[in-house]
Amino acid sequence: MSADAPSRTDTTPSDTVPGPGSAPGSSEDPYRWLEQVSDDDALDWVRARNEHAHAATAGPLFEETRDALREVLDSDDRIPAVSRIGDHLYNFWRDAGHERGLWRRTTLEEYRTDEPRWETVLDLDELAAAEGESWVWHGASVLRPTPERLAAGEPWRRALVDLSPGGSDADVTREFDLVDKRFVPVEEGGFSRPLAKGGLSWADEDGVYVFTDFGPGTTTPSGYPRIVKLWRRGTPVDDAVVVYEGTDDDMYIRGHRSRTPGFERDVVQRSIAFYRSETYLVSDVGTNRQALTRIDVPDSAEVGFHREWLLVELREDWEVRTSSGPRTYPGGSLLAAPVAAFLAGSRDLTAVFTPTPSTSLAGAAWTRHHLVVNVLDDVKSSVHVLTPPDPAEDGGAAWSRSDLPVGGELLTVGVRAVSAVDSDDVWVTSSGYLSPSTLAIATVVGPDDEPRAPEPLKSAPSFFDAAGMVAEQHFATSDDGTRVPYFVVGRADLVRPADPTAPATTPTLLYGYGGFEIPLLPGYSGGAGRAWLARGGVYVVANIRGGGEYGPRWHQAALRENRHRAYEDFAAVARDLVGRGITTPEHLGAQGGSNGGLLAGNMLTRYPELFGAVVVQVPLLDMQRYAHLLAGASWVAEYGDPDDPEDWEFLRTFSPYHQFDADREHPPVLFTTSTKDDRVHPGHARKMAAKMLAAGQDVTYYENIEGGHGGAANNAQAAHMSALAWTFLHDRLA
């Protein structure tokens, strides 16, 4: 980096950058001034574009769509997602009467009824009104009492609640009393963390790990915490003891304590970059005898602990020397070993999951005695139960396997432990494009016991009439010959046209993401069903490279200089839809958000002839500036470093802001973003919209004031933002 280059957290334009009204032909970026998030000129521009967006989409269709979406979001018939804390099930709930939301609790017995009675623990609407702040719920962590306290009948009492103003990633943490249902004042020794990116996690009843902005020089280039400390109750945070301090180039540092009785462990996690991290066990934490032991695995691997067991999930091949000789485990494998033996130097690991060309690990969850693994096979779910041997036995003892009787065709199944400490029960959710979500509870058993079918607890209602509709999986062939799966949903006569050679006029939306090893799986959307499918549209989800549908290899195939493969995959799906006679380019739309917004931006600039409209949400678009804006520096491993001339040579090829050709015809485009987004800078969408408007293109732009990276802070805003997109697509494609 040159000496005069700005730091990566710099968002201040240089004195030479033109301001509002500057000529597009300026040698500097003429729209850099729009990166000033709260600048009066920039906000005046935003307000003007918002007025245009409302005028462009106003009318009965928008109002009907917004109201239909709001009804789905506010429905009392939704399944309340719950977590067991002590004797209660806790849930966070938003509806029409509770815009900010309620943190509430009930019992399992009540939850089994059709209309459970809920006890309000914290009312965010009341809190927001009392404090004059637009609080958005970011979650809570509750301290598990010690066995002695539980035996004495003491309740689960201490919680750390995270709240964000307006939905930004930056938030505050406050200690909350679950018995008295109040925040514990600092004057009474309550823990409180000021607004920043970071957090608190429980160490014990009177101590927390704190990782946050402690002042200048204590955060990473992405604005995340670089230092983790142990903070004792009743002492100033400045007196907290440093447990670990990362380097100036790290991404995120955090710490926590595993409090499983008999297996308490203090753990520090050092995120060096995306896909590179180190995990340390800390002994004698907070004392002058403190020592850190690094878990000796590849820094691309992820590790986890459960009682006596260590799990290692590989992203890359790993060669180790076992007691019987060298062995290489392939990337995508899940390995297990007794913690004590591994720390003593043994590398006799058990591969509890090994990928095949069509399978990948979607997730793994421990219960008290079992490990439940969720496997994708060509993006379809299956769930298996693995039971470990006694770790005191010989290292060659085998893990046993059985299946959990769940699943179905094109259904996504999720499994989550009710309590990994003292229960073998799991929550089981299932959902499909045309199958509303269900929630059940199941008891996991080993192969010697009769498997028990899950007990249904809740079923979500159908929000649209799916009669005559089908969901199918197809495969397209990308430019390099790779088979790319995708899902198609809609009326059978539209998805399976009688004459594929006849020109089709079916409005079709193609959605994708393709990044950060995140898979797109089948799932029910009442909003998409009402706003699109029920109106005769076809909905398509592309499982392009860059995602996690086939594990790390699928993701790594589209990293950095190979990013173009993700876009080629998406374009191949678009062509395949036309080839099957489902639609034509004039009636085909593309949509993506965040990294998917970069995808949609590339469809706009690289393949404009394939689409009749494009929706670009909270996007990255200026790949020369992205690493200098907000959290962008943390994504260099995904995209490349624009300050490195060699990296910029390939980055510029998929930077929509630089690839835009004013002389080329582009489809109508809708950009949406959020002023409060402190992850992906709103300047990306602002500048791209301004550049295209100056070239006379058909551009609609809307920026929500609240909402953070999610784009909306409550159900009303979410319905409004979604209605803008669906109305825009209907007007342009139908």
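Scroll up a little and you will see the structure.
Residues numbered from 1 in each chain as written. Predicted model: local features only at pLDDT ≥ 70, side-chain atom pairs only at ≥ 80, totals over all residues. Heavy atoms only, no water.

Observations concerning the overall build of the protein
Part 1: For the protein, the helix and strand inventory stands at 16 helices and 39 strands.
Part 2: Its C-alpha radius of gyration of 26 Å places the protein within 12% of the 27 Å reference for a compact globule of 734 residues.
Part 3: With respect to the principal axes defined by its C-alpha atoms, the protein has extents near 70 × 60 × 60 Å.
Part 4: Here the protein holds 734 residues, and the buried ones make up 56% of them.
Part 5: Summarising the internal contacts of the protein: among those between residues at least 6 apart in sequence, 59% fall at separations of at least 24.
Part 6: A total of about 29500 Å² of accessible surface is found on the protein, and carbon and sulfur atoms cover 47% of it. (Helix = DSSP H or I, 4+ residues; strand = E, 2+ residues; numbered from the N terminus. Rg over C-alpha atoms; globule rule 2.2 N^0.38 Å. Buried < 20%, exposed > 50% of the residue type's maximum accessible area, 1.4 Å probe, protein only. Contact = heavy atoms within 4.5 Å. Areas by Shrake-Rupley, 256 points an atom, 1.4 Å probe, with all protein chains shown as cover.)

Structural notes on the packing of aromatic side chains
Part 1: Scanning the entire structure with this criterion turns up 24 aromatic pairs.
Part 2: For the ring pair Phe516 and Tyr639, a centre distance of 6.0 Å and an interplane angle of 85° mean the geometry is edge-to-face. In this pair, Phe516 sits in the loop between strand S34 (508-511) and helix H8 (526-531) while Tyr639 sits in helix H12 (residues 636-639), placing the two residues 123 residues apart along the sequence.
Part 3: The exposure class of Tyr639 is buried, given its relative accessible area of 0%.
Part 4: Three or more aromatic residues joined by ring pairs form one cluster here, namely Tyr90, Phe92, Trp103, Trp137, Phe176 and Phe183.
Part 5: One Lys or Arg, Lys229, reaches over the ring of Phe214 and ends 4.2 Å from the middle of that ring. (Phe/Tyr/Trp six-rings, centres within 6.5 Å; stacked < 30°, edge-to-face > 60°. Lys NZ or Arg CZ within 6 Å of the ring centre and 35° of its normal.)

Let's talk about helix H11 (residues 595-606)
Part 1: In a regular helix each residue adds 1.5 Å, so 12 residues correspond to 16 Å; H11 covers 16 Å between its end C-alpha atoms and thus fits that length.
Part 2: Of all 12 residues in H11, 11 are buried, a share of seventy percent or more.
Part 3: Burial in H11 covers these residues: Asn595, Gly596, Gly597, Leu598, Leu599, Ala600, Gly601, Asn602, Met603, Leu604 and Thr605. (Expected span 1.5 Å × (residues − 1).)

What to know about the sheet that holds strand S1 (residues 83-85)
Part 1: Taken in spatial order, the 4 strands line up as S1-S2-S3-S4 in an open sheet, and their pairing is antiparallel. If you trace the sheet from one side to the other, it starts and ends with S1 and strand S4 (119-123), each paired once. In this sheet, neighbouring strand axes are inclined to one another by 35° on average, regardless of whether the strands run parallel or antiparallel.
Part 2: Pairing between strand S2 (residues 88-95) and strand S3 (residues 98-106): 6 bridges, direction antiparallel. Residue pairing in the sheet places Asn91 in a bridge with Arg104 of S3. (Pairing = 2+ DSSP bridges. Axes fitted to C-alpha atoms, helices over the stretch in contact; angles between N-to-C directions.)

Remarks on the nonpolar core
Part 1: If you look at the biggest cluster of nonpolar residues, it comprises 119 residues, and the most contacted ones within it are Phe611, Tyr639 and Phe671.
Part 2: A per-element tally of this core places helix H16 (residues 715-733) first, with 9 residues. (Core = buried A, V, L, I, M, F, W, Y, C linked by side-chain atoms within 4.5 Å.)

Some words on the packing of helix H2 (residues 60-74) against H16
Part 1: Packing of H2 against H16 leaves a shortest axis separation of 8 Å and a crossing angle of 140°. When the axis of H2 is compared with that of H16, the two are oblique. Our pair here, H2 against H16, has a crossing hand that is right-handed. Along its contact with H2, which presents Leu61, Phe62, Thr65, Arg66, Leu69, Arg70, Leu73 and Asp74, the element H16 presents Asn715, Ala716, Ala718, Ala719, His720, Ser722, Ala723, Leu724, Trp726, Thr727, His730 and Asp731. (Parallel < 35°, antiparallel > 145°, perpendicular 65-115°, else oblique. Left-handed = near helix turned anticlockwise from the far one by under 90°.)

Here's the deal with the sheet that holds strand S26 (residues 380-387)
Part 1: Strands sit in the order S24-S25-S26-S27 across an open sheet of 4 strands; the sheet is antiparallel. Looking along the sheet, the strands with just one partner apiece sit at the ends: strand S24 (359-366) and strand S27 (400-403). Sheet twist, expressed as the average angle between the axes of neighbouring strands with direction ignored, equals 30°.
Part 2: For strand S25 (residues 371-377) and S26, the ladder comprises 7 bridges, and the chain directions are antiparallel. Of the residues in S26, the one forming a bridge with Asp377 is Lys380.

Comments concerning the environment of Tyr31
Part 1: By the element assignment, Tyr31 lies in the segment before helix H1 (40-57).
Part 2: Sequence spacing of Tyr31 and Gly481 is 450 residues, and the spatial spacing of their C-alpha atoms is 40 Å.

What to know about helix H10 (residues 564-579)
Part 1: Between its terminal C-alpha atoms H10 stretches 22 Å, which fits the 22 Å expected from 16 residues at 1.5 Å a residue.
Part 2: Each element contacted by the buried residues of H10 is listed here: strand S32 (469-477), strand S33 (483-491), S34, strand S35 (538-542), strand S36 (588-593) and H11.
Part 3: Following H10 by one or two positions, Gly581 has its phi on the positive side, about 80°.

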